[in-house]
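Coordinate inspection notes
So you can see what is in the structure, the chains are spelled out below.
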Amino acid sequence: MILIDGKKAAAELRAELKEEVAELKSKHNKVPGLTVILIGDLTPSQIYVRNKEKSANEVGLKSEVIKYPDSVEEKTVLEKIQELNSDETVSGILVQLPLPKHIDKQKVIEAIVPSKDVDGFHPMNVGNLSSGYESSIPCTPLGCYLLIKKIEPNLSGKKAVVVGRSNLNGKPMTQLLLKENCTVTITHSKTKDLKAECLEADIIVAAVGIPELVRGDWVKKDAIVIDVGINKTDNGIVGDVHFDEVSKNAKALTPVPGGVGPMTIACLLKNTIECFKRSQL
Ligand code: GUN
């Protein structure tokens, strides 16, 4: 079984991006900039944002974090986004989710100009991805996709099962696999026989948020299994895949932690650089 080392893959991607940033700097005399807006003091969000800032600095991006208290008015955030939209030194804007209840998430997502939407959450980017046009691609599915391609460069005709249908993961993951000519089945909590669906798969991407849902006898021999889950349990952090059982069947499997997670942040940096390059055309 291949243990997919997301930490190593992310470090390799960051090294490539660092070189690219240096080249862009000498060509344009400026570097791509990422601005993250963090609202409130949720600990996981604070940790994510700190990691994003650290990684951005490591590859040589200009990075800025704007913090607001939980009580900030929606209007203040929307006005800041407008300001960042027209700031030439800002290539990418990310508003860390989740948001406090009084702030309308969709309004915030749609306020970001699509060309700076490094999350790929704006309806324009969602539509472009599903139509096969150039777009920002959500960071987590993009990271999963790059890990899958490392194991199996030719995905044409493969059967892929995506467990979970979220806008963040399941749906964009499906689009990426479709683009690679996979036959994709999207499954979710209402799927009748999840085990039977998974048993058909050459590739399984589990992004449903249920601890250790995918068991050893759900996985065909030599399938590639990508675990997007991060679930807090009494036994610590576990994924959506039962690691010990599935590792006996799968050809390749991502661990949690150390699989998809590190790739997500590296892909955010990649998206920031892509936004910068498109803005320089
Ligand atoms: N919170 C958890 N994951 C994400 C993400 O990918 N983007 C944003 N903006 N917030 C998140």
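Below is a summary of the structure that appears in this document.

Procedures and definitions
- Residues numbered from 1 in each chain as written.
- Predicted model: local features only at pLDDT ≥ 70, side-chain atom pairs only at ≥ 80, totals over all residues.
- Heavy atoms only, no water.
- Helix = DSSP H or I, 4+ residues; strand = E, 2+ residues; numbered from the N terminus.
- Pairing = 2+ DSSP bridges.
- Contact = heavy atoms within 4.5 Å.
- Axes fitted to C-alpha atoms, helices over the stretch in contact; angles between N-to-C directions.
- Buried < 20%, exposed > 50% of the residue type's maximum accessible area, 1.4 Å probe, protein only.
- Lys, Arg positive; Asp, Glu negative; His and termini not counted.
- Salt bridge = Lys/Arg side-chain N within 4 Å of Asp/Glu carboxyl O.
- Near = heavy atom within 4 Å.
- Polar contact = N/O pair within 3.5 Å; in protein donor to acceptor, adjacent residues only side chain to side chain.
- Areas by Shrake-Rupley, 256 points an atom, 1.4 Å probe, with all protein chains shown as cover.

**Side note on unusual backbone geometry**
Here the amide bond leading from Leu 97 into Pro 98 is cis, since omega sits at 0 degrees, within 30 degrees of zero. Within the secondary structure layout, Pro 98 lies in the loop between strand E4 (92-95) and helix H4 (105-111). Here Val 256 and Pro 257 are connected by a cis peptide whose omega angle stands at -5 degrees. Counting through the fold element by element, Pro 257 comes out in the loop between strand E11 (252-253) and helix H10 (260-279). Although it is not a glycine, Asp 222 sits at a positive phi angle of roughly 70 degrees. By the secondary structure assignment, Asp 222 is in the loop between strand E7 (203-206) and strand E8 (224-227).

**Concerning the sheet that holds strand E5 (residues 159-163)**
Read from one edge of the open sheet, six strands run E1-E11-E8-E7-E5-E6, paired in parallel fashion. Both edges of this open sheet fall to strand E1 (2-3) and strand E6 (183-187), since each of them pairs with a single strand only. Sheet strands touched by helix H6 (residues 139-151): E1, E7, E8 and E11. Its angle to E8, the strand with the most contacts, is close to 160 degrees. Its contacts with the sheet put helix H7 (residues 170-179) on E5, E6 and E7, and the angle it makes with E5 is roughly 170 degrees.

**Concerning the side chain of Asp 119**
Tracing the sequence through the fold places Asp 119 in the loop between H4 and helix H5 (123-131). Of the side chains with opposite charge, Lys 52 comes closest to the buried, unpaired Asp 119, at an N-O distance of 5.9 Å. Those residues in contact with Asp 119 that lie beyond four places of it in its chain are Leu 94, Val 95, Ile 137, Pro 138 and Cys 139.

**Quick notes on the site of the ligand**
In the region of the ligand, the neighbouring residues are Leu 94, Val 95, Gln 96, Leu 97, Asp 119 and Phe 121. Backbone polar atom of Leu 97 to a nitrogen atom of the ligand: 2.9 Å apart, as the coordinates give it. Residue Asp 119 places a side-chain N or O atom 2.6 Å away from a nitrogen atom belonging to the ligand. Protein coverage of the free-state accessible area of the ligand, which is 280 Å², stands at 82%.

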